[in-house]
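Examination of the molecular architecture
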Amino acid sequence: MSATLLHGKDLITFQEWTKQEINMVLDSAADLKRRFALNEAHRLLQDKTLFMMFFEQSTRTRNSMEAGMTQLGGHAHDLTPDKMQLSHGESAKDTAMVLSRMGHAIACRNCFYGIGNTYLRELAEHSAIPVLSLQDDLYHPMQVIADLMTIREYFGLDLKGLKVTISWAYATSHAKPLSVPLSQLLLFPRYGMDVTVAAPKEFPLYKDLIPVAEQNAAENGGKLRFTDDMDAAFEGAQIVIPKNWGGFGNYSFEEYNAGEEACRKEMKANLEKHRDWICDERRMKLADKDVKYMHALPADRGNEVTPGVIDSPAAIIYDEAENRLHTAKAVMALTMGGRP
Ligand code: CP
């Protein structure tokens, strides 16, 4: 594969990238991590501009991208709808066409269920520069690539048969999008991992993507299993990733957007049935003795996970968060590198 093949490429989901391309990101991220540690200059995007549009709050994504652009010698604009004419209804097309004339990539977070991915794709359709997802309602590529980098650092490059449990967990903070577990479900089996997904029946993942994940597993020697038993899912797991997601998967996009208030009410009622879905010390003992605990963060301490787990040596959450920086820089350097 040509090293310059990624110049100009959009990143909406890694499902649309080959494994060779993904491996190029991982290799580049490892190199950028080394250069960052050595305080070695790596101004690969000198004088380039990234426009970041955040429809929702963010700590890791915003700061990994903005710090990353600074370290790469460029600049990131931190934009929110209230700062832009989006708030007066300016279209995705006009936004993309205009920003394309001024900079080198458009990055966007829009997690509204049934809206976010469509919005990003509309930006990409009209943009002459790469469109990079900062998370939508279905995908969070910048998170999952950092997860994969972290897993490789702890478990090596051959991940075939690695037992990973992605579990729903109770949380009161907010109904989190489906995009983190869906992205993990799609990507991990491509690296041969043995993935178990545990969730109460009221919290399914977006059903149209399950066959895609199953095909990824079949083509790459991975495995997928679904259960509604959190204990069973923890048994023997080498990695556990317990986090909340909202019950969006119960609704089609049309149903949800036609009756959002009623859906939210039902989701909240369903949530309260499952307060016992917490990652605690008892459940961690069911897993492999060297199990690692991962979480994309922010975590709802005391609801999703006990302090005794998230603050234990099994937790690799800060490595995972740090790798957001190195992987984000790799994606930006590889996709934004081509245009002067
Ligand atoms: N994991 C993650 O995307 O964090 P932020 O919402 O803080 O960006």
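Higher on the page you've got the structure.
Below: a short report on this structure. Residue positions within a chain follow its written sequence, with the count starting from 1. It should be noted that, the model being predicted, local features are given only for residues of pLDDT at least 70 and side-chain atom pairs only at 80 or more, the latter also being counted only at that level, while totals for whole chains, interfaces and linings use all residues. Each side-chain value is worked out from all heavy atoms of the structure, with water and hydrogens disregarded.

A word on the overall build of the protein. Counting secondary structure elements, the protein contains 13 helices and nine strands. Just to be clear, the radius of gyration here is over C-alpha atoms, and the globule rule we use is 2.2 Å times residues to the power 0.38. Here the protein has a C-alpha radius of gyration of 19 Å; the compact-globule value for 340 residues is 20 Å, and the two agree. By principal-axis analysis of the C-alpha atoms, the protein measures approximately 55 × 50 × 35 Å. Exposed residues in this analysis have more than 50% of their type's maximum accessible area, buried residues have under 20%, and partly exposed residues fall in between, with area computed by a 1.4 Å probe over protein chains only. Taking all 340 residues of the protein together, 58% fall into the buried category. Looking at the protein alone, contacts between residues at least 24 apart form 80% of all its contacts between residues at least 6 apart. On the protein, roughly 14,200 Å² of surface is accessible, and the fraction owed to carbon and sulfur atoms is 52%. Separation between the mean location of the 38 positive side-chain charges and that of the 46 negative ones in the protein comes to 3 Å. Where helices and strands are cited, they refer to DSSP runs of H or I of at least four residues and of E of at least two residues respectively, numbered from the N terminus. When checking whether two residues touch, look at their non-hydrogen atoms; a contact exists if any pair is within 4.5 Å. Computed by Shrake-Rupley with a 1.4 Å probe, the accessible areas treat only the displayed protein chains as cover when residues are assessed. Charged residues are defined here as Lys and Arg on the positive side and Asp and Glu on the negative side; His and the ends of the chain fall outside this count. Here the site of a charge means NZ on Lys, CZ on Arg, CG on Asp, or CD on Glu.

Attention now goes to the pattern of salt bridges. Here, a salt bridge means any side-chain nitrogen of Lys or Arg that lies within 4 Å of a carboxyl oxygen of Asp or Glu. Tallied over the entire structure, the rule returns 19 salt bridges. Glu40 serves as the salt-bridge partner of Arg35, at 3.4 Å between the closest nitrogen and oxygen. What makes Arg35 buried here is its relative accessible area of 17%. For Asp231, the salt bridge identified is with Arg282, shortest N-O distance 3.0 Å. Taken together, the residues span a long stretch of sequence, with Asp231 in helix α8 (residues 230-234) and Arg282 in helix α11 (residues 281-286) at a distance of 51 residues.

With respect to the helices and strands, the residue Ala330 is situated in helix α13 (residues 317-335). Expressed as a C-alpha distance, the spacing of Ala330 and Leu185, which sit 145 residues apart in the sequence, is 22 Å.

Turning our attention to the nonpolar core. Nonpolar cores were defined as sets of buried Ala, Val, Leu, Ile, Met, Phe, Trp, Tyr and Cys residues, with membership established by side-chain atoms within 4.5 Å. Core analysis: the largest hydrophobic core is formed by 91 residues, its most contacted members being Leu50, Met65, Leu132, Met193, Tyr293 and Met332. Those domain boundaries reflect an automatic or database domain assignment. Taken together, domain 1 (3-140 + 324-336) and domain 2 (143-320) each give at least three residues to this core, which thus spans both. With 17 residues, the next largest nonpolar core counts Leu79, Ala96, Cys108 and Ile129 among its residues.

Near residues are defined by distance, with any heavy atom within 4 Å of the molecule or strand qualifying the residue. All residues adjacent to the ligand are Ser58, Thr59, Arg60, Thr61, Arg109, His140, Gln143, Ala296, Leu297 and Arg324. Throughout this description, a polar contact denotes any pair of N or O atoms lying within 3.5 Å of each other; where both atoms belong to protein, one of them has to be capable of donating a hydrogen while the other can accept it, and for residues adjacent in sequence the pair is counted only when both atoms sit in side chains. Here an oxygen atom of the ligand sits 3.0 Å away from a polar atom, N or O, in the side chain of Arg109. Between the ligand and the protein, one listed contact pairs a nitrogen atom with a side-chain N or O atom of Gln143 at 2.9 Å. Contact with the protein chains covers 92% of the free accessible surface of the ligand, which is 260 Å². Composition of the shell around the ligand by domain shows at least three residues from each of domain 1 (3-140 + 324-336) and domain 2 (143-320).

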